[in-house]
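# Secondary and tertiary structure notes
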Amino acid sequence: DWVVFRESLEQLFEENNCASQSNTHAHQRHNIIKSVLDGRAKNVYLAKFKEHHELNRAEREDRRWTDARILTAVLNDTAKSFFTNWQGSLRMQKQYMRNELVMGNTKPSTFIERLERLNQLLRFFPVADPFRDPDILTEEELINIVNNSINGEWRCHIMRSGRRPD
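Rules behind the numbers
- Residues numbered from 1 in each chain as written.
- Predicted model: local features only at pLDDT ≥ 70, side-chain atom pairs only at ≥ 80, totals over all residues.
- Heavy atoms only, no water.
- Phe/Tyr/Trp six-rings, centres within 6.5 Å; stacked < 30°, edge-to-face > 60°.
- Helix = DSSP H or I, 4+ residues; strand = E, 2+ residues; numbered from the N terminus.
- Buried < 20%, exposed > 50% of the residue type's maximum accessible area, 1.4 Å probe, protein only.
- Lys NZ or Arg CZ within 6 Å of the ring centre and 35° of its normal.
- Salt bridge = Lys/Arg side-chain N within 4 Å of Asp/Glu carboxyl O.
- Expected span 1.5 Å × (residues − 1).
- Arc of directions from axis to C-beta.
- 1 Å grid on protein atoms, 1.4 Å probe; cavity = no way out; pocket = protein on both sides within 12 Å on 5 of 7 lines; lining within 4 Å.
- Points joined across faces, edges and corners; volume = space filled by probe spheres on them.
- Nonpolar A, V, L, I, M, F, W, Y, C, P; charged D, E, K, R; others polar.
- Axes fitted to C-alpha atoms, helices over the stretch in contact; angles between N-to-C directions.
- Parallel < 35°, antiparallel > 145°, perpendicular 65-115°, else oblique.
- Left-handed = near helix turned anticlockwise from the far one by under 90°.
- Contact = heavy atoms within 4.5 Å.

## Observations regarding the packing of aromatic side chains
If you walk through the whole model with that rule in mind, you get five aromatic pairs. Centre to centre, the rings of F83 and F125 are 5.4 Å apart; their planes meet at 45°, and the pair counts as tilted. One end of the pair, F83, is in the loop between α4 (67-80) and α5 (86-99); the other, F125, is in the loop between α6 (108-121) and α7 (139-149), and 42 residues separate them in sequence. Each member of the pair, F83 as well as F125, is classed as buried. Taken together through their ring pairs, the aromatic side chains of W2, F5 and F82 make up a single cluster. Between R29 and the ring centre of F13, over which it is positioned, the NZ or CZ distance is 5.8 Å.

## Topic: the pattern of salt bridges
Taken as a whole, this structure holds eight salt bridges when the rule is applied. For the salt bridge of D77 with K80, the shortest nitrogen-to-oxygen distance reads 3.6 Å. Placement of the pair is D77 and K80 together in helix α4, with a separation of three residues, close to one helical turn.

## What to know about helix α3 (residues 39-58)
Compared with the 28 Å implied by 1.5 Å per residue over 20 residues, the 29 Å span of α3 between its first and last C-alpha is a close match. Residues A41, V44, Y45, F49, H52, H53 and N56 constitute the buried set of α3. Buried positions in α3, seen along its axis, are confined to an arc of 160° and lie on one side of it. Opposite its buried face, α3 presents the exposed residues N43, K50, L55, R57 and A58, each directed more than 90 degrees away.

## Observations regarding the side chain of S149
The topology assignment puts S149 in helix α7. We classify S149 as buried; its relative accessible area is 2%.

## What to know about the layout of surface pockets
The computed volume of the largest pocket comes to approximately 730 Å³. A breakdown of the residues in the lining of the largest pocket according to their chemical character gives 16 nonpolar, four polar and nine charged.

## Things to note about the packing of helix α2 (residues 23-36) against α3
Relative placement of two packed helices is described by the angle separating their axes and the distance separating the axes. The interhelical angle for the contact between α2 and α3, taken along N-to-C directions, is 150°, at an axis separation of 9 Å. The pairing of α2 with α3 is recorded here as roughly antiparallel in orientation. Crossing angle aside, the handedness with which α2 passes α3 is left-handed. Residue-level contacts link H30, I33 and K34 of α2 to K42, Y45, L46 and F49 of α3.

As structure tokens, then:
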């Protein structure tokens, strides 16, 4: 699963003190990526890396991307190859989170932790413009998800106690 791989990769970057967007760290991150990828994923990544570097070399010097920017684009393009419909994957995941998550018998604190993790994972879905801020759910949307995921019995108990669900 690409998204979980990207989460682990970010943790690996942090553990190796190369999480920043500097060019020096971009080289370190590139080497880590090459060492952990295998098979089709590695082939796609290396092909996209080569493609972006060649396109970048063809640009005027004042219009060239930094190595860190190239790496961001390459990871996004690589992600696109792992999603059948990458254009709709982020939208579908958000829709799932908004409409299908149910707290059930899960402790609210556990449910909220999992929801927050899912929200952070949205940063790793492929997008049309990888240089925009990550398109994660707002705090208000997360609160609505929690409120909508509470089963009817809990909702009645909360209302009877005089508390608001938010």
